[in-house]
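Given next are the chains, with one letter for each unit.
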Amino acid sequence: MNTAVAPDDAQAGAGERVPLPVHRAIVREGGSVRVRRRPTLAPAAGELSIAPLVAGLCGTDLQMLRGLRDDPAPVIGHEGVARVVAAGHGVDSALAPGTLVVVNPTHPTDPSFLLGHNVDGLLQERTLIPATAVRGGQVIALSEAPEADLAALLEPLATVRYALSVLAVARPRTLVVIGDGTVGHLAVRAARHWLGDGVRTVLVHHTRQGTEWSARSRIRADVLLTQGLDGAGALSGAFADGPVAVLLATPRDATVTCLETVLRAARGEVTIDLLGGLPPGAGTALLPGVDLAAVRAANCAGLPDPAETVTVRSTTGVPVRLFGHRGVGNAHLLASAAELCRAPERYRDLVTHAVDLTEAAAIMGRLALSPDRNVAGSRLIKLAVRIAPPHRTTLED
């Protein structure tokens, strides 16, 4: 078991109690969110200690805060950029202290590592990365990194990169994005870069407030719709011209309903990415015998490559190419970093709020209790948490 390292334990006398170094972390505690001091553990053989610089708050993080998921990690956060502080024995020299890194949060073969879900995440001043993740290549050195707050978008944009790389096989003329969270907006911004200049984009929002935010944006989809307000006919119009690809960037409890809406609106062959979460065994009468959760789980952390897809025909008579994925591959993360460096102006306004750990804990506590996305007078799209350097303090302070 790891133990915290005292800065002066070499000089400590026999029996003398040595203070343990600590760092600040946003900790989930029985339904509340607090900034706490936690022991800073030294990396054992094969492990890495990293200092997160900027971390993002994700939709799955909100689900955990609201008790909709039972992931055990008290410190959440899987999006962001960090710097290596210390490396355990045997770690590759490419990950030496001082190296700027991004952590791939999803291990392709070891379910014991899911950063910010079952392993403590990035919303703290120090994060210990276990040997299984380091050995598996989950910690990636960055030769280029986006400007500070855009680091919160790196992992979600990598998810979009993965989705669009598979959807591109259908050569879509229209991309329909269901969901106006961070991933939905990123997909609209990145579509022409990764699907071609001629692609038409349709963004379906959850609320009228979301539609209004998009309407004011400098960069917006070609068509803005509001779920439940514009009607099925409006969505059907999105399928009128050529091949259509659909990205379901939806919360777990909305994915099946939104899929059914798409299947009823589709007029011809459609390719659909089940990016949104799904409960085990999820299905729909419109696709008899298809285990949607199994389709989504077939692709994990970029494997296999190419991604597995399922081709079926819906009860409405529409040919459907279906796939989904959990996590991303390292190549998707590197492509995302390159895109954010190449065209930061396309994405800056999506980081609507940038705060420190203390402010972030307060915002997270509020979001845990309410679905209202209005924070400090403006709509929250992406929260970037600027992680401050650790205090020079100890558990004996």
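Not measured: the values here are computed from a predicted model.

Some thoughts on the overall build of the protein
What the protein contains, in helices and strands, is 10 helices and 18 strands. Per-residue burial for the protein yields a buried fraction of 54% across its 397 residues. Looking at the protein alone, contacts between residues at least 24 apart form 73% of all its contacts between residues at least 6 apart. Total accessible area on the protein stands at roughly 16800 Å², and carbon and sulfur atoms take up 51% of it. Computing the positive centroid from 38 side-chain charges and the negative centroid from 38, the protein places the two 6 Å apart.

Description of the pairing of strand E4 (residues 79-87)
Two strands pair when backbone bridges link them, and strand E3 (residues 48-56) and E4 are joined in this way by eight bridges, in the antiparallel orientation. Counted as the bridge partner of Ala 55 is Gly 80 from E4. Looking at chain direction, E4 and strand E5 (residues 100-103) are connected through two bridges and run antiparallel. Along E5, the bridge assignment pairs Arg 83 with Leu 100.

Here's the deal with the nonpolar core
One finds Leu 153, Leu 154, Leu 157, Leu 164, Leu 175 and Tyr 347 to be the most contacted residues of the largest nonpolar core, which totals 47 residues. For this core, the secondary-structure elements that each account for two or more residues are E5, helix H3 (154-167), strand E8 (174-178), helix H4 (182-195), strand E11 (244-248) and helix H9 (330-342). Take this core: its biggest share by element is nine residues, from H3. In this view, Leu 157 contacts Leu 186, Ala 190, Trp 194, Ser 336, Glu 339, Leu 340 and Tyr 347; residues no more than four positions away in its chain are not counted.

Digging into the side chain of Asp 110
By the element assignment, Asp 110 lies in the loop between E5 and strand E6 (127-129). Among buried Asp, Glu, Lys and Arg side chains, Asp 110 stands out as unpaired, with Arg 135 the closest opposite charge at 6.0 Å.

Structural notes on the state of the cysteines
Counted according to the given criterion, the structure contains zero disulfides. Cys 258 forms no disulfide, and the closest cysteine sulfur to it belongs to Cys 58, at a distance of 17 Å. Free cysteine: Cys 300, not disulfide-bonded; nearest cysteine sulfur from Cys 58 at 15 Å.

What to know about the packing of H3 against H4
At a minimum axis separation of 9 Å, H3 and H4 run at an interaxial angle of 50°. Judged on the interaxial angle alone, H4 and H3 are oblique. For the crossing formed where H3 meets H4, the hand is right-handed. Taken together, the residues of H4 that come into contact with H3 (itself represented by Pro 156, Leu 157, Val 160, Arg 161 and Leu 164) are Thr 182, Val 183, Leu 186, Ala 187, Ala 190, Ala 191, Trp 194 and Leu 195.

Quick word on unusual backbone geometry
The step from Leu 303 to Pro 304 runs through a cis peptide bond, and the omega angle for that step is -5°. By the element assignment, Pro 304 lies in the loop between helix H8 (292-297) and strand E13 (310-313). In the segment running from Asp 305 into Pro 306, the intervening peptide bond is cis, with an omega of 10°. Looking at the secondary structure, you find Pro 306 in the loop between H8 and E13. In this model, Ala 301 sits at a positive phi of 55°, which is unusual for a non-glycine residue. As for its placement among the helices and strands, Ala 301 is situated in the loop between H8 and E13.

Thoughts on the packing of H3 against H9
Relative to each other, H3 and H9 sit at 110°, their axes nearing to 8 Å. It follows that H3 is roughly perpendicular to H9 by the angle criterion. Two packed elements cross with a definite hand, and for H3 against H9 that hand is right-handed. When H3 is examined against H9, the residues Leu 154, Glu 155, Leu 157, Ala 158, Arg 161, Tyr 162 and Ser 165 are found in contact with a partner set consisting of His 332, Leu 333, Ala 335, Ser 336, Ala 337, Glu 339 and Leu 340.

Definitions and cut-offs
- Residues numbered from 1 in each chain as written.
- Predicted model: local features only at pLDDT ≥ 70, side-chain atom pairs only at ≥ 80, totals over all residues.
- Heavy atoms only, no water.
- Helix = DSSP H or I, 4+ residues; strand = E, 2+ residues; numbered from the N terminus.
- Buried < 20%, exposed > 50% of the residue type's maximum accessible area, 1.4 Å probe, protein only.
- Contact = heavy atoms within 4.5 Å.
- Areas by Shrake-Rupley, 256 points an atom, 1.4 Å probe, with all protein chains shown as cover.
- Lys, Arg positive; Asp, Glu negative; His and termini not counted.
- Charge placed at Lys NZ, Arg CZ, Asp CG, Glu CD.
- Pairing = 2+ DSSP bridges.
- Core = buried A, V, L, I, M, F, W, Y, C linked by side-chain atoms within 4.5 Å.
- Salt bridge = Lys/Arg side-chain N within 4 Å of Asp/Glu carboxyl O.
- Disulfide = S-S within 2.5 Å.
- Axes fitted to C-alpha atoms, helices over the stretch in contact; angles between N-to-C directions.
- Parallel < 35°, antiparallel > 145°, perpendicular 65-115°, else oblique.
- Left-handed = near helix turned anticlockwise from the far one by under 90°.

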